[in-house]
Structure formats: structure tokens, C-alpha cells
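Tertiary structure, described
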Amino acid sequence: MGKLKAIIFDVDGTLADTEVYGHLAACNEAFARMGFDIRWSWEEFKELLKIPGNARRMRLALSTRTSLSETELDRIVPELFALKKEGYLKRVDKLPLLPGVARIIREAIDRGVRLAIVSVTDEDQIVALLKAQIPDALDHFSPIFGKQSGEKNSALYARCAAMLEYDASEILVIEDSEKGAKAAKGAGLPCAVVYNDYTKGQDFTGAELVVRSLECLNLDLLERLCLG
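Residues numbered from 1 in each chain as written. Predicted model: local features only at pLDDT ≥ 70, side-chain atom pairs only at ≥ 80, totals over all residues. Heavy atoms only, no water.

**Topic: the side chain of N28**
The residue N28 is located in helix α1 (residues 18-33) in this model. Once residues within four sequence positions are removed from consideration, N28 is found in contact with I38, R39 and W40. (Helix = DSSP H or I, 4+ residues; strand = E, 2+ residues; numbered from the N terminus. Contact = heavy atoms within 4.5 Å.)

So this is what it looks like as C-alpha cells:
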């Protein structure tokens, strides 16, 4: 095995294009099921992605577009988010991994490179996506840090790296956003950014690699470009 010993993946926009057909669709379905006249467009939702977590985004929408009190919001938002999660989970089989992702994951498994996840998504949603799209790899992802693990920041990345028990120079983070890349770099971890339609143009200064897709890359090339 070469210098690369572990890869930490982000999920939304990195493993799969989950935002439009997964999270956004599920949020709008939840609003409708609870009788709220709120339907986010993709343009609106892209702006809301600056706020971490759909529960926070939904609370903001209800607080600004309804007359609900804080007490009512405290009661309703968890129920609304539970419906959103239910809607997302039933969509995971229609959320394919992005080009090149499955190949990189399988190459890593074949080479004995460990896999982990750091994300703001609920951990059961992460597991459901992996189980639906690449079930043979699910048991190779450890740890999986999602929303329940706390805020996605440098400390969480450092905690993940510590659990992997490798030197930072042997771990590669694959992210899609400026915020995620800065969190990884703040933990001293090399980072490859695979941007998408809604993170294109963000500031990825300091990233070892910035590309549009993993489709034309393999594990050896990632290792040379990012850890060489």
C-alpha cells in the first residue's frame, strides 16, 4: 500500500447528487403533508444550503413565513423533519453515486485503504444511501460521523482522523464545498475538492486538488496529486 491509508468522504454533493432529488424533494413533501404552503424552488434551496441542516432551514422558513410561536416551532419542527427524513429514505434508491465515486471506493477497499465519512446529514440517512447504492462497501465505512456527531468543523475532522489512527499526511478528505474544505484543512488534512453546480466558484484556496468530477481519476492519481 502506498502513502494513502484512509479517505474521508463528505456525502451530499460528494458521494451523490442528493440535494435536488433527495433533500429538496423530501422537504417540500413534508411541508405539503403538514399543510404548510411552502414549496422551495431549487434556487431558493441553493441559498439555504449555506445554513447547515434541513431542520434549521425548515425552522427558518416556518418562523419567517408563518405566525407560529417559538413554542409551536419547538413542537412542529421535529415532526416536520421526521416526515422529511421519511421522504428522503424512500428516495435513496434513485440517488446514484456520482461518476467515479464507486470506482474510487472499490479501489480503496481492494488496496486496504480505510474509508470514513464526515457529514451534516443524519447518520441513518448516510447508511441508507450507502446501503442502496453500494451495499458491498457499507461495512468498510468506519467511522461515520453525521449530524448526531456534532457540528461539521475542524474538530470533528480531527476526531475522525484520530479514530483512523494514521498520520494526517496519510489521510485524504474528499469534499465539495468551501466550508467543508476549510474544516478539513483546519484539521491539517489534505483535501481534494470535487465541486458541483452549487459550489462552483467558491473559494477552495489551500485544497490539494480542485476538479469537477472523479470520473477521470483513480486512486493512484489521487494519491500522487494530493499526497505526493
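Now that the structure is up, let's keep going.
**Some details on the pattern of salt bridges**
Taken as a whole and judged by the stated rule, the model has 20 salt bridges. The closest approach of N and O atoms between E47 and K50, which form a salt bridge, is 2.9 Å. Take E47: its relative accessible area is 49%, and that puts it in the partly exposed class. The class for K50 is exposed, based on a relative accessible area of 62%. Between R59 and E70 there is a salt bridge, with its nearest N and O atoms 2.9 Å apart. Taken together, the residues R59 in helix α3 (residues 54-65) and E70 in helix α4 (residues 70-89) connect sequence positions 11 residues apart. With relative accessibility at 25%, the residue R59 sits in the partly exposed group. Linked by salt bridges that have partners in common, K85, D122, D124 and K147 make up one network. (Salt bridge = Lys/Arg side-chain N within 4 Å of Asp/Glu carboxyl O. Buried < 20%, exposed > 50% of the residue type's maximum accessible area, 1.4 Å probe, protein only.)

**Here's the deal with the pairing of strand β4 (residues 171-175)**
When a strand is regular, its side chains alternate between the sheet's two faces. Across the five residues that make up β4, a large majority, five, are buried. Side chains I171, V173 and E175 of β4 all project onto a buried face; the interleaved residues L172 and I174 project onto the opposite face, where all are buried too. Taken together, the three bridges between β4 and strand β5 (residues 191-194) define a ladder with parallel strand orientation. The partner of E175 across the bridge, within β5, is V193. Since β4 and β5 lie parallel, the crossover through helix α8 (residues 178-186) that links them has a hand, and here it is right-handed. (Pairing = 2+ DSSP bridges. Right-handed = clockwise from strand over helix to strand, strands pointing away.)

**Side note on helix α7 (residues 154-164)**
By the burial criterion, the buried members of α7 are L156, Y157, C160, A161 and L164. Viewed along the axis of α7, the buried residues span an arc of 140 degrees, placing them on a single side of the element. Facing away from the buried surface of α7 by more than 90 degrees, the exposed residues are A155 and A162. Buried residues along α7 sit in contact with β1 (6-9), β2 (114-118), β3 (141-145), β4 and α8. By the N-cap criterion, in which a side-chain oxygen at the helix start approaches the backbone nitrogen of a residue two or three places on, α7 is capped by N153, the distance to A155 being 3.2 Å. Count one or two residues on from α7 and you reach E165, which has phi positive near 65 degrees. (Arc of directions from axis to C-beta. Polar contact = N/O pair within 3.5 Å; in protein donor to acceptor, adjacent residues only side chain to side chain.)

**Overview of unusual backbone geometry**
Residues S142 and P143 are joined by a peptide bond in cis, for which omega reads 5 degrees. Within the secondary structure, P143 is located in strand β3. Of note in this structure, E165 is not a glycine but carries a positive phi near 65 degrees. Residue position: E165 is located in the loop between α7 and β4. You can call E165 exposed: its relative accessible area is 66%.

**Points about the nonpolar core**
Membership of the largest hydrophobic core comes to 39 residues, with the highest contact counts inside it found for I7 and F9. Aside from chain neighbours lying at most four places away, what touches F9 is T14, L15, I104, I105, L115, A116, I117, V118, F141 and I174. (Core = buried A, V, L, I, M, F, W, Y, C linked by side-chain atoms within 4.5 Å.)

**Some points on the sheet that holds β4**
Strand order in the open sheet made by the six strands is β3-β2-β1-β4-β5-β6, with parallel pairing throughout. Looking at which strands have only one partner, the edges of the open sheet turn out to be β3 and β6 (209-211). Strand-to-strand twist in this sheet, taken as the mean axis angle between neighbours without regard to direction, amounts to 20 degrees. Judged from the three bridges that link them, β2 and β3 form a sheet pairing that is parallel. The partner of L115 across the bridge, within β3, is F141. Packed on one face of the sheet, helix α5 (residues 101-111) meets β1, β2 and β3 and runs near 150 degrees to β1. Along the sheet, helix α6 (residues 123-133) contacts β2 and β3; its crossing angle with β3, the most-contacted strand, is approximately 145 degrees. (Axes fitted to C-alpha atoms, helices over the stretch in contact; angles between N-to-C directions.)

**Some words on the environment of P96**
Locating P96 in the fold gives a position in the loop between α4 and α5. Spatially, the C-alpha atoms of P96 and D197 are 17 Å apart, while their sequence positions differ by 101 residues. If near-sequence neighbours (up to four positions away) are discounted, P96 is found in contact with A16, D17 and Q133.

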